[in-house]
Amino acid sequence: MECLDGESMANVEKQEKIEDERKIMKNKKKKLGGIKTMPFIFATEICDKFATTGFHANMITYLTQELNMPLVKASNTLTNFSGTASFTPLFGALMADSFAGRYWIIVAGSILYELGLINITISAIRPSLHRPPCPTKKNCKEASASQLWVLYLSLILTSLGTGGIRPCVVTFAADQINMTKSSVAARSWNFFNWYYFSMGMATLTALTFVVYIQENVGWGWGLGVPTIAMALSILAFLVGSPLYNRVKPVGSPFVRLAQVIVAAVKKRKEVVPADPALLYENKELDAAISLNGRLLHTNQFKWFDKAAVVTYSDAIDSKLPNLWRLATVHRVEELKSIVRMFPIWAAGILLIASSSHQHSFTIQQARTMDRHLSHSFQIPPATMSIFGTITMLIGLVLYERLFVPFARRFTGNPSGITYLQRMGVGFVVNILATLVASFVEIKRKAVAANHNLLDDPQAIIPISVFWLVPQFCLHGVVEVFMSVGHLEFLYDQSPESMRSTAAALYWVAISMGNYAGTLIVSLVHQYSGKNSNWLPDWNLNRGKLEYYYWLVSGIQVINLIYYVICSWLYTYKPLEEASEICKEEAEELAGDKIPSMILDSRNGHGEVELARNETA
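Model, not experiment: these values are computed from the prediction.

**Q** How should I be thinking about the overall build of the protein chain in this particular structure?
**A** Helices and strands together make up the secondary structure of the protein chain, namely 20 helices and 7 strands. Of all 616 residues assigned to the protein chain, the portion counted as buried reaches 54%. Accessible area for the protein chain stands at about 27500 Å²; split by element, carbon and sulfur atoms hold 65% of it.

Structural data, given as structure tokens:
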């Protein structure tokens, strides 16, 4: 150490200080987080999922039976609010990543959701807040404006609450365990598979228990049980508070993306050096947004590299760089990662649009079919969704225990197949599910015609409701491949400082898909004719629901072709994990410095230095 000059000694001491801080952070992380937090977080999410499923699963029945809404209006109302509930996570994620942190956004969102459930439970109990029954479905008086506003207030509160819960819970859970690629590859289980499995169990319970109460006991208890479950979820989450590893927010990710774009525009006339090592890097500046690893330079979208070009005016500045003029390679690659993800993410929008209304229509189909399991017991229409949920639960176990080890032998991929391939399978199966649904509808109406029941919308057609099971099972398979793969893709390929925002993008795709689905249904309903409307308001037997299914199947085929092209051209983000960075820094301290362009603001001179291999 005596051979080193003062500046070198200062650099060595600086590196040692960084290493000590990193060790302190690692020891702190070992004490907080870990598997011990999973029971509290999963209990929170299970109760939340139970509540949300119990609330939404049978709402089409509540709107059409209790508020006397026409079918298309009721379906559009639910789909629009579902779209809103899937869009609000973007705002919740931005607040979590920018300043509030995931913990407090989850707490605030849960409280808002609970208030919405309390409101609609009270409206179901008080007779003045809903309409008397109209069993004939002829000349029914719809709910008044005041009754609808009570409903809308509940849906608005739950939508806002969802904005805090959905983007943060899964990422908050992932914060508690090591999600680096090396750790994920070493584990025998997939976090996202088990997350979805837990949610599936909660959904299954709600679809059987809560829906049965709604159909056979009453809507007061039917909505009261989810309200109680949501209160329990808040309690479970708060109890585990002392154990959680809370990742600090590091500022708005959108501001950082904007800074890169502005810097690139300002330097649009600059020439990007042929050697990427000459672009600006600053490990200290990026430390808070690259805890798990640093993004490496890629040759895609090279125009954005202009933001990392160090000019003379940048070099003479002795202060920290003006981030609206100069961005690090890591920050440029954050923007590139988001741009690369968008085409793949967008493919999920039309998939959601094609299936957004199928749940509502299928419940109405089931209501006209023979649902008896015995002379005294029949399945509630909304409970038919359990077949999709059961298929998803079984599929997740088979996928992880059988398919992944089998596929790994051929691909060498620790996950068996990539998440892009996994999503592709989901797209194909979803097309098949929609086609099967169309053939079942043709069969249902043929039986109704044979028994002269086409003009009686309240009649029970002598065809078993179990004809609907194949399409539900296929949708369960879609969940196993598409939904899990999509969420895993967004989490893994997004910059680590934007993971809540990436999870929000998952829900934003659902939101936009729901709005697109509403547009498709509204256009079909408006322009498919009055006498033979594809989607009639009151009598589905006289509709052409199978035509609607064929239309969305065609849309999905076009979307699949688009997805295959995008996935074929996709480039995965290159990441240098923290362990590799530590090794690199150790080599630098030993004297084997890797060339890199740095703006040296640490020595006070603000000079641009090109660090090269040096020998003592």
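So, next bit.
**Q** Where do I start with helix α3 (residues 59–66) in this structure?
**A** Three or four residues apart is the spacing at which side chains of an α-helix point the same way, because the helix has 3.6 residues per turn. Burial of α3 is extensive: 6 of the 8 residues sit out of reach of the surface. Restricting attention to buried positions, one finds in α3 the residues Met59, Ile60, Thr61, Tyr62, Leu63 and Thr64. Note on α3: the residue one or two positions beyond its end, asparagine 68, has a positive phi of about 55°.

**Q** Mind showing me how you'd approach the pattern of salt bridges here?
**A** As a working rule, side chains carrying opposite charge can pair if their charged atoms are close by. One pass over the structure, following the stated rule, counts 8 salt bridges. Between glutamate 488 and arginine 422 there is a salt bridge whose closest N-O contact spans 3.8 Å. Here arginine 422 lies in helix α16 (residues 419–450) and glutamate 488 lies in helix α17 (residues 469–493), a separation of 66 residues in the sequence. Arginine 422 shares its class with glutamate 488; the two are buried. Close ionic contact of glutamate 546 with lysine 445 constitutes a salt bridge, the shortest N to O distance being 3.1 Å. Of the two residues, glutamate 546 is situated in helix α19 (residues 545–569) and lysine 445 in helix α16; the sequence distance between them amounts to 101 residues. Classification of glutamate 546 as buried rests on a relative accessible area of 7%. Lysine 445 gets classed as buried once you look at its relative accessible area, which sits at 11%. Through salt bridges with shared partners, a single network forms among Asp305, Glu333 and Lys336.

**Q** In this structure, what is going on with the packing of helix α5 (residues 102–125) against helix α6 (residues 145–175)? I would like to understand it.
**A** Two measures define how a pair of helices packs: the angle their axes make with one another and the distance between the axes. Between α5 and α6, the least distance of the axes is 7 Å, while the angle of their chain directions is 150°. By the criterion of interaxial angle, the relationship of α5 to α6 is roughly antiparallel. In the packing of α5 onto α6, the handedness of the crossing is left-handed. Tallied by class, the residues present in the contact of α5 with α6 amount to 17 nonpolar, 11 polar and 2 charged.

**Q** Before we go on, may I ask you to explain the nonpolar core in this structure?
**A** Within soluble globular proteins, side chains that are nonpolar generally end up buried alongside one another. Residues Leu63, Leu151, Phe489 and Tyr548 are the most contacted members of the largest nonpolar core, which totals 134 residues. Ranked by size, the runner-up nonpolar core spans 16 residues in total, among them Ala366, Ala448, Leu468 and Phe472.

**Q** Could you clarify how one ought to interpret the pairing of strand β4 (residues 461–464) in this entry?
**A** Residues in a regular strand project their side chains so that they alternate between the two faces of the sheet. Going residue by residue along β4, you find Ile461 and Ile463 tucked away on one face and Pro462 and Ser464 left uncovered on the opposite face. The pairing of strand β3 (residues 369–370) with β4 spans 2 bridges and is parallel. Paired with aspartate 370 across the bridge in β4 is serine 464.

**Q** Even after reading the chapter, I still don't get the packing of aromatic side chains, so can you show me in this structure?
**A** In this description, an aromatic ring pair is defined by two values, namely the gap between the centres and the angle between the planes. Enumeration according to the criterion identifies 26 aromatic pairs in this entry. Geometrically, the ring pair formed by phenylalanine 342 and tryptophan 345 is edge-to-face, given 5.4 Å between the ring centres and 85° between the ring planes. With phenylalanine 342 and tryptophan 345 both in helix α13 (residues 329–355) and 3 residues apart, this pair spans about one turn of that helix. Residue classification places phenylalanine 342 among the partly exposed positions, given a relative accessible area of 38%. Classification of tryptophan 345 as buried rests on a relative accessible area of 8%. For the ring pair tryptophan 534 and tyrosine 547, a centre distance of 5.4 Å and an interplane angle of 80° mean the geometry is edge-to-face. A residue pair is termed long-range when its members are at least 10 positions apart, and tryptophan 534 in the loop between α18 (499–527) and α19 and tyrosine 547 in helix α19 qualify at 13 residues. We classify tryptophan 534 as partly exposed; its relative accessible area is 24%. For the cation-ring pair, arginine 422 lies above tyrosine 399, with the distance from its terminal atom to the ring centre recorded as 3.9 Å.

Cut-off values and rules
Residues numbered from 1 in each chain as written. Predicted model: local features only at pLDDT ≥ 70, side-chain atom pairs only at ≥ 80, totals over all residues. Heavy atoms only, no water. Helix = DSSP H or I, 4+ residues; strand = E, 2+ residues; numbered from the N terminus. Buried < 20%, exposed > 50% of the residue type's maximum accessible area, 1.4 Å probe, protein only. Areas by Shrake-Rupley, 256 points an atom, 1.4 Å probe, with all protein chains shown as cover. Salt bridge = Lys/Arg side-chain N within 4 Å of Asp/Glu carboxyl O. Axes fitted to C-alpha atoms, helices over the stretch in contact; angles between N-to-C directions. Parallel < 35°, antiparallel > 145°, perpendicular 65-115°, else oblique. Left-handed = near helix turned anticlockwise from the far one by under 90°. Nonpolar A, V, L, I, M, F, W, Y, C, P; charged D, E, K, R; others polar. Core = buried A, V, L, I, M, F, W, Y, C linked by side-chain atoms within 4.5 Å. Pairing = 2+ DSSP bridges. Phe/Tyr/Trp six-rings, centres within 6.5 Å; stacked < 30°, edge-to-face > 60°. Lys NZ or Arg CZ within 6 Å of the ring centre and 35° of its normal.

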